[in-house]
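Structural features, examined
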Amino acid sequence: MDKNSITPSFPMPMRGLLLLTGMYNIAWAAFFKYFGEDFLKWLSMDSNWTGAMQSNWFGSIGMISAFLVFLSAFYPISWRYLTWAGIFGSLALAIWFVIGFIPELGWNKRTIFQLVFNQLIWLIPLTIISKRAMDVKSYLEKEK
């Protein structure tokens, strides 16, 4: 059987991963939006930290980006641009966190966790899922 005869498919676990990614990132963005200074104090690992940073916008944009990823799970092939919005949102939030928050909070195990596990690690499955959706879409268009 040659490689061209294999029909690409979009398995249900990928949809589940999109749902999980969306819910997980909504929850973490909500910490920034609704707990603001207390959450930033926790991230700084300094009980005397008194920075006056605004995290409301960061949390709001993070929640919107994560909600778009959550929505993309319902029609991942047709709504693949929502997955792209999630990839772009994760990249933008990671850059924003490094430029806007790290100089004030400093590098520590909590800020590294926030950056790596809440922003960057999700780029890997989102990219793989996006590529699969594009492969399936191009196959379906070719079959018409």
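The rules we used
- Residues numbered from 1 in each chain as written.
- Predicted model: local features only at pLDDT ≥ 70, side-chain atom pairs only at ≥ 80, totals over all residues.
- Heavy atoms only, no water.
- UniProt positions renumbered as here; feature names shortened; annotations may be inferred.
- Helix = DSSP H or I, 4+ residues; strand = E, 2+ residues; numbered from the N terminus.
- Expected span 1.5 Å × (residues − 1).
- Bend = angle between axes of the 7 residues up to and from the residue.
- Buried < 20%, exposed > 50% of the residue type's maximum accessible area, 1.4 Å probe, protein only.
- Contact = heavy atoms within 4.5 Å.
- 1 Å grid on protein atoms, 1.4 Å probe; cavity = no way out; pocket = protein on both sides within 12 Å on 5 of 7 lines; lining within 4 Å.
- Points joined across faces, edges and corners; volume = space filled by probe spheres on them.
- Nonpolar A, V, L, I, M, F, W, Y, C, P; charged D, E, K, R; others polar.
- Axes fitted to C-alpha atoms, helices over the stretch in contact; angles between N-to-C directions.
- Parallel < 35°, antiparallel > 145°, perpendicular 65-115°, else oblique.
- Left-handed = near helix turned anticlockwise from the far one by under 90°.
- Patch = residues over 30% accessible without salt bridge, like charges linked within 9 Å, V, L, I, M, F, W, Y side chains within 5 Å.
- Areas by Shrake-Rupley, 256 points an atom, 1.4 Å probe, with all protein chains shown as cover.
- Salt bridge = Lys/Arg side-chain N within 4 Å of Asp/Glu carboxyl O.
- Phe/Tyr/Trp six-rings, centres within 6.5 Å; stacked < 30°, edge-to-face > 60°.

This part takes up the UniProt feature "transmembrane region" (unreviewed entry) in the protein. The sites that carry the UniProt feature "transmembrane region" (unreviewed entry) are, in the present numbering, residues 12-35, 55-74, 81-99 and 111-129. Helix makes up 100% of residues 81-99 and strand 0%, whereas the separation of the span's terminal C-alpha atoms amounts to 27 Å.

Right, let's talk about helix 3 (residues 80-105) for a bit. In this model, helix 3 (26 residues) spans 35 Å end to end at C-alpha, consistent with the 38 Å of a helix rising 1.5 Å per residue. The axis of helix 3 is deflected most strongly, by about 35°, at Val-98. Phi for Gly-106, located one or two positions after helix 3, is positive at around 85°.

This part is about helix 2 (residues 56-72). In an α-helix, one full turn covers 3.6 residues, which means residues spaced three or four apart are oriented alike. End to end, helix 2 covers 24 Å across 17 residues, agreeing with the expected 24 Å (1.5 Å per residue, within 8%). Those residues of helix 2 lying buried are Phe-58, Gly-59, Ser-60, Gly-62, Ser-65, Ala-66, Val-69 and Ser-72. Residues of helix 2 that are buried make contact with helix 1 (12-44), helix 3, helix 4 (109-120) and helix 5 (123-143).

This paragraph deals with empty space enclosed by the protein. All told, the structure shown has 1 cavity of 30 Å³ or more when counted by the stated rule. In this structure, the largest cavity occupies an estimated 140 Å³ of space. Forming the walls of the largest cavity are 17 residues, and the residues nearest its centre are Asn-25, Gly-62, Leu-93, Asn-118 and Gln-119. Elements represented by at least two residues in the lining of the largest cavity include exactly helix 1, helix 2, helix 3 and helix 4. Here the residues of the lining of the largest cavity sort into 8 nonpolar, 9 polar and no charged.

Running from amino to carboxyl end, helix 1 crosses helix 5 at an angle of 140°, the nearest separation of the two axes being 11 Å. Looking at the two axes, helix 1 sits oblique to helix 5. Remark: the crossing between helix 1 and helix 5 carries left-handed chirality. Across the interface between the two elements, Met-14, Leu-17, Leu-18 and Thr-21 from helix 1 touch Pro-125, Leu-126, Ile-128, Ile-129 and Arg-132 from helix 5. Its residues assigned to classes, the contact of helix 1 with helix 5 shows 7 nonpolar, 1 polar and 1 charged.

With that settled, consider a nonpolar patch on the surface. Together, Ile-95, Val-98, Ile-99, Trp-107, Ile-112, Phe-113, Val-116, Phe-117, Leu-120, Ile-121, Ile-124 and Ile-128 make up an exposed nonpolar region whose accessible area comes to about 1,100 Å². Within the fold, Val-116 resides in helix 4.

The subject of this paragraph is the packing of aromatic side chains. Per the stated rule, a full pass over the model turns up 20 aromatic pairs. Ring geometry for Phe-67 and Phe-70: centres 6.4 Å apart, planes at 20°, overall stacked. Of the two residues, Phe-67 and Phe-70 both sit in helix 2, 3 residues apart, roughly one turn of that helix. Residue class for Phe-67 comes out partly exposed when judged on its relative accessible area of 41%. Ring centres 5.6 Å apart and planes at 25° place the aromatic pair Phe-97 and Phe-101 in the stacked group.

With the rule as written, the count across this model stands at 1 salt bridge. With a shortest N-O distance of 3.2 Å, Asp-135 and Lys-131 are connected by a salt bridge. Taken as a pair, Asp-135 and Lys-131 lie in helix 5 at a separation of 4 residues, close to a single helical turn. Overall, Asp-135 belongs to the partly exposed group, its relative accessible area being 31%.

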